[in-house]
Amino acid sequence: MQLALVKGSVVSTQKDEMIKSLTMLLIEKVDPSTLKGKGDYLVAIDAVGAGIGEMILFASGSSARMTEYTTDKPCDCVIMAIVDQYDIEGKTIYQKD
Amino acid sequence: MQLALVKGSVVSTQKDEMIKSLTMLLIEKVDPSTLKGKGDYLVAIDAVGAGIGEMILFASGSSARMTEYTTDKPCDCVIMAIVDQYDIEGKTIYQKD
Amino acid sequence: MQLALVKGSVVSTQKDEMIKSLTMLLIEKVDPSTLKGKGDYLVAIDAVGAGIGEMILFASGSSARMTEYTTDKPCDCVIMAIVDQYDIEGKTIYQKD
Amino acid sequence: MQLALVKGSVVSTQKDEMIKSLTMLLIEKVDPSTLKGKGDYLVAIDAVGAGIGEMILFASGSSARMTEYTTDKPCDCVIMAIVDQYDIEGKTIYQKD
Amino acid sequence: MQLALVKGSVVSTQKDEMIKSLTMLLIEKVDPSTLKGKGDYLVAIDAVGAGIGEMILFASGSSARMTEYTTDKPCDCVIMAIVDQYDIEGKTIYQKD
């Protein structure tokens, strides 16, 4: 999995039947050591109710289909956790407000 | 999933039986924050009737086989949504004409 | 899928039983806008009878096992189409001789 | 698989039901020839009881679901071995204390 | 698949039950046109009895589980062929001694 920030949402009316009811969010990968955005964006299906600005974890590839929402769907990226806190070498780098 | 622009089409008469009837489009990944093409091209199967110049979402890997058109086919990239609009930090970056 | 040129062949006598009878070709990814090789090489199983110098499409990952030749084989890259022609923004970039 | 160092842990209360009880560790890929961190971080599920500072191996993609802990879970990265020692061209590069 | 050179071996006593008896080798990707190492290392399960210094082919992802040795194992990289020879544009670039 990788850390990313939720940056926005994506609207599509003309899409595959399988993903009609799912929420698609635009996420930006972050450098975990600096918390800075990498300028590398993905569009993910939200399986945990994430909001704009939240630090999340996403899973890629076939593992992105292993949530209740994404089973058998043409989805290669899913938000499967909202991050509360993480540390590097004993130092807290990120703490959710 | 990732955002890309449809740039053209690919014609092939000598291809695997499984993909004989499918439309193959040339797509270019875009930087979602600037809308500029990244010069990074892929060939995708079209599952939603996308046209040249449209902003689309594609899924990669095994998830690209999860549409009605691509099931069990040697396809690792599928267009599964045409984008109407997306925003970054509350600001609309792309809006379909 | 991605565009590549067939550059050569790979010979191996000591290989996994599952791929004993398959043709392995060395391919080089091309920049679709310039037709230049990217210096990025892969070894692919040939499912369509491609020859040296031909422009082809390859599929990666589990999708590379979705041809008659590669089913259940330890193959992560398959040539599944020989390209006749492709265009970018209405302009023909490549046309097979 | 790739070599990485365990750098920290990730805490999440709001996450997919499937991964509720699993330990998530922050890992940094290392250059095996120099033992230096690459600044490339991933979050992995721990299947072997790894600790901060340990050199580990992780598996990616669908293979990350092939441990007892990660079966059918939205996990694309698993720590499946703690490294005792490795060598390059006959020279020991890393030896666990 | 990709070309790589076997550079060393990796020892681990604390590892997932599924891979207990398998040989893990450190491999370095090579630039097929120059035969030079790219400084990009992976750890692969050996399915063909490869030795240090040998030029091999490896398969990645789920395809790495399609050998007799790696079925259903948390393995995302397998050596599935030892290379005897390969050529680029009719010129032999590599020939095993």
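Everything here concerns the structure above.
On a predicted model such as this, the values are computed, not experimentally measured, just so you know. (Residues numbered from 1 in each chain as written. Chains lettered and ligands numbered in written order. Predicted model: local features only at pLDDT ≥ 70, side-chain atom pairs only at ≥ 80, totals over all residues. Heavy atoms only, no water.)

(A) Region of the structure containing the overall build of chain A. Check the secondary structure of chain A and you find zero helices and eight strands. In chain A, the succession of α and β elements from N to C terminus is β-β-β-β-β-β-β-β. For 97 residues, the compact-globule estimate of 2.2 N^0.38 gives 13 Å, and chain A sits close to it at 14 Å. Projecting the C-alpha coordinates of chain A onto the three principal axes gives extents of approximately 45 × 25 × 20 Å. Counting over 97 residues, chain A shows a buried share of 63%. Roughly 3700 Å² of accessible area belongs to chain A as shown, and the carbon and sulfur atoms make up 46% of that amount. (Helix = DSSP H or I, 4+ residues; strand = E, 2+ residues; numbered from the N terminus. Rg over C-alpha atoms; globule rule 2.2 N^0.38 Å. Buried < 20%, exposed > 50% of the residue type's maximum accessible area, 1.4 Å probe, protein only. Areas by Shrake-Rupley, 256 points an atom, 1.4 Å probe, with all protein chains shown as cover.)

(B) Structural context of the relation of the copies chain D and chain A. In screw terms, the move from chain D to chain A is a rotation of 72 degrees and a rise of 0.0 Å along the axis, fitting with an RMSD of 0.0 Å. Seen this way, the second copy is the image of the first under a five-fold rotation axis. Interface residue correspondence from chain D to chain A reaches only 4%, placing this contact among heterologous pairings that use different surfaces. (Least-squares fit on C-alpha atoms with pLDDT ≥ 70 in both. Contact = heavy atoms within 4.5 Å.)

(C) Here's a closer look at the interface of chain B and chain C. Listed by partner, the interface residues are 28 residues for chain B and 29 residues for chain C. The junction of chain B with chain C conceals about 2300 Å² of combined surface from both sides, 52% of it contributed by carbon and sulfur atoms. At the junction of chain B with chain C, the criterion picks out one salt bridge. Of all the secondary-structure elements, those providing two or more residues to the side of chain B that touches chain C are strand S1 (2-11), strand S2 (14-15), strand S3 (24-30) and strand S4 (37-46) of chain B. (Buried area = accessible area lost by both parts, 1.4 Å probe. Salt bridge = Lys/Arg side-chain N within 4 Å of Asp/Glu carboxyl O.)

(D) Spotlight on the packing of aromatic side chains. Evaluation of the coordinates by the stated rule reveals five aromatic pairs over all chains. Between the aromatic rings of tyrosine 86 of chain A and tyrosine 94 of chain A, the centroid separation amounts to 6.1 Å while the plane-to-plane angle is 20 degrees, which identifies the pairing as stacked. (Phe/Tyr/Trp six-rings, centres within 6.5 Å; stacked < 30°, edge-to-face > 60°.)

(E) Structural detail: unusual backbone geometry. One non-glycine residue, glutamate 89 of chain B, lies in the positive phi region at around 50 degrees. In this structure, glutamate 89 of chain B sits in the loop between strand S7 (85-88) and strand S8 (91-95). Backbone geometry places leucine 35 of chain E, a non-glycine residue, at a positive phi of 65 degrees. By secondary structure assignment, the location of leucine 35 of chain E is in the loop between strand S3 (24-30) and strand S4 (37-46).

(F) Spatial organisation of the nonpolar core. One finds Leu57 of chain A, Leu57 of chain B, Leu57 of chain C, Leu57 of chain D together with Leu57 of chain E to be the most contacted residues of the largest nonpolar core, which totals 125 residues. Leave out the neighbours within four places in its chain, and leucine 57 of chain D touches Met1, Gln2, Leu3, Val78, Ile79, Met80, Ala81 and Val83 of chain D together with Val10, Met24 and Val43 of chain E. (Core = buried A, V, L, I, M, F, W, Y, C linked by side-chain atoms within 4.5 Å.)

(G) Region of the structure containing the arrangement of the chains. If you take every C-alpha in chain A and every C-alpha in chain C, the smallest gap between them is 10 Å, and the two do not touch. One finds no contact between chain B and chain D; the C-alpha atoms of the two approach each other to within 10 Å at their closest.

(H) Just the pattern of salt bridges, in detail. Evaluation of the coordinates by the stated rule reveals 20 salt bridges over all chains. Between lysine 7 of chain C and glutamate 28 of chain C there is a salt bridge, with its nearest N and O atoms 3.6 Å apart. With lysine 7 of chain C in strand S1 (residues 2-11) and glutamate 28 of chain C in strand S3 (residues 24-30), the pair connects residues that are 21 residues apart, well separated along the chain. In this structure, aspartate 40 of chain D and lysine 29 of chain D form a salt bridge, with 3.3 Å as the shortest nitrogen-oxygen distance. You can see aspartate 40 of chain D sitting in strand S4 (residues 37-46) and its partner lysine 29 of chain D sitting in strand S3 (residues 24-30), a full eleven residues away along the chain.

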